[in-house]
Amino acid sequence: MLRAIVLAVLSLGLPAGAMVLSRSPSIAQLSRTPLSSRSAVVADAKIPWDDDQGYGPIGSLIRQGPTPFFQRLVDPAKYEKSVKMYMIKNRCSRMEAQGNMDAYLADPNGWTLTKLNAKKGGYEPDYANINTDPKQLILTAVWASVVFAIAGRMIYVAVYLPELTEDIGKGIFK
């Protein structure tokens with residue numbers, strides 16, 4: 001067991017003094033780990049300030065839309081590693097890291113510009129709590145139901161009432 005740990009640490013490129021015999025690497029180990037092998041170590045990292053549960057995939061859908069929602073469903077391990085890396089790099093809570101990762105997945109260029117503006121003293125949105133106002137959620141649900149009802153009606157007419165669409169076409173193209 002000890003030999004396996006030593007070989008694993010040496011394969012990561014850690015300096016000899018950085019070897020700590022534990023099942024999960026510490027933050028100090030991660031800071032000395034080269035970037036190329038850091039993502040493999042992050043999956044097992046225990047973050048001392050990570051006592052927050054965060055939010056689930058539906059929270060990602062509500063906050064930033066379908067892109068981060070599907071990313072979380074398709075590759076949850078990669079998403080979790082990204083959240084942990086953000087938490088370690090910025091020393092922030094899980095909610096803040098998830099909000100930022102969802103914003104990044106939804107619009108990487110916009111998120112980067114927002115972060116650059118925030119460093120210059122500009123406005124930085126609270127990605128952890130964005131789009132969670134109950135009134136806005138109800139308005140979005142009502143609007144989406146109206147759009148889906150109209151689209152559904154159009155599909156129904158096109159599929160089940162083709163003679164109606166043929167008559168309309170004959171009248172237009174005479």
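Our subject in this report is the structure included herewith. (Residues numbered from 1 in each chain as written. Predicted model: local features only at pLDDT ≥ 70, side-chain atom pairs only at ≥ 80, totals over all residues. Heavy atoms only, no water.)

### A word on the nonpolar core
Next up, step 1: Core analysis: the biggest nonpolar cluster contains ten residues, these being Tyr-79, Val-83, Tyr-86, Met-87, Cys-92, Ala-97, Met-101, Ala-103, Trp-111 and Tyr-127.
Next up, step 2: Counting only elements with at least two residues in this core, the list comes to helix H6 (76–90) and helix H7 (94–106).
Next up, step 3: For this core, the leading source of residues is H6, giving four residues.
Next up, step 4: Sequence-distant contacts of Trp-111, defined by excluding residues within four places in its chain, comprise Tyr-86, Asn-100, Ala-103, Tyr-104 and Tyr-127. (Core = buried A, V, L, I, M, F, W, Y, C linked by side-chain atoms within 4.5 Å. Buried < 20%, exposed > 50% of the residue type's maximum accessible area, 1.4 Å probe, protein only. Helix = DSSP H or I, 4+ residues; strand = E, 2+ residues; numbered from the N terminus. Contact = heavy atoms within 4.5 Å.)

### Points about helix H4 (residues 57–64)
Because an α-helix packs 3.6 residues into every turn, residues spaced three or four apart end up facing the same way.
Next up, step 1: Among all positions of H4, only Gly-59, Ser-60 and Arg-63 are buried. Down the axis of H4, the buried side of the element spans an arc of 100°, and every buried residue falls inside it. (Arc of directions from axis to C-beta.)

### With respect to the packing of H4 against H7
Next up, step 1: As a packed pair, H4 and H7 sit with axes 10 Å apart at the nearest point and diverge in direction by 60°. By the criterion of interaxial angle, the relationship of H4 to H7 is oblique. In the packing of H4 onto H7, the handedness of the crossing is right-handed. Contact with H4, carried on its side by Ser-60, Arg-63 and Gln-64, involves Met-95, Asp-102, Ala-103 and Ala-106 of H7 and no other residues of that element.
Next up, step 2: A class-by-class count of the residues in the contact of H4 with H7 yields three nonpolar, two polar and two charged. (Axes fitted to C-alpha atoms, helices over the stretch in contact; angles between N-to-C directions. Parallel < 35°, antiparallel > 145°, perpendicular 65-115°, else oblique. Left-handed = near helix turned anticlockwise from the far one by under 90°. Nonpolar A, V, L, I, M, F, W, Y, C, P; charged D, E, K, R; others polar.)

### Description of the pattern of salt bridges
Next up, step 1: Within the structure shown, the criterion is met by two salt bridges.
Next up, step 2: Where Glu-80 meets Arg-94, a salt bridge forms, and the shortest distance between an N and an O atom there is 2.8 Å. Of this pair, Glu-80 sits in helix H6 while Arg-94 sits in helix H7, and the two are 14 residues apart along the sequence.
Next up, step 3: In this structure, the salt-bridge partner of Glu-124 is Lys-115, at a minimum N-O distance of 2.4 Å.
Next up, step 4: Judged by relative accessible area, which is 39%, Glu-124 ranks as partly exposed. (Salt bridge = Lys/Arg side-chain N within 4 Å of Asp/Glu carboxyl O.)

### Observations regarding unusual backbone geometry
Next up, step 1: Of note, Arg-91 is a non-glycine position whose phi angle comes to about 50°, a positive value.
Next up, step 2: Turning to its location among the elements, Arg-91 is positioned in the loop between H6 and H7.
Next up, step 3: The phi dihedral of Asn-131 falls on the positive side, at around 60°, and the residue is not glycine.
Next up, step 4: Looking at the element boundaries, Asn-131 is found in the loop between helix H8 (108–119) and helix H9 (134–160).

### Regarding H6
Next up, step 1: The terminal C-alpha atoms of H6 lie 21 Å apart, and with 15 residues this matches the ideal 21 Å at 1.5 Å per residue to within 8%.
Next up, step 2: Among the residues making up H6, those that are buried are Tyr-79, Val-83, Lys-84, Tyr-86, Met-87 and Ile-88. (Expected span 1.5 Å × (residues − 1).)

### Some points on a nonpolar patch on the surface
Next up, step 1: A surface patch of nonpolar side chains, amounting to about 480 Å² of accessible area, comprises Ile-138, Val-142, Val-146, Ile-150 and Met-154.
Next up, step 2: As for its position among the elements, Met-154 is in helix H9. (Patch = residues over 30% accessible without salt bridge, like charges linked within 9 Å, V, L, I, M, F, W, Y side chains within 5 Å. Areas by Shrake-Rupley, 256 points an atom, 1.4 Å probe, with all protein chains shown as cover.)

### Regarding the packing of H4 against helix H5 (residues 66–74)
Next up, step 1: It is the contact of H4 with H5, at a shortest axis distance of 7 Å, that shows an interaxial angle of 160°. Relative to H5, the element H4 is oriented roughly antiparallel. For the crossing formed where H4 meets H5, the hand is right-handed. The segment H4 lies against H5, with Pro-57, Ile-58, Ser-60, Leu-61 and Gln-64 engaging Pro-66, Pro-68, Phe-69, Arg-72 and Leu-73.
Next up, step 2: Partitioning the contact of H4 with H5 into residue classes produces seven nonpolar, two polar and one charged.

Any functional reading would require information beyond the geometric quantities listed.
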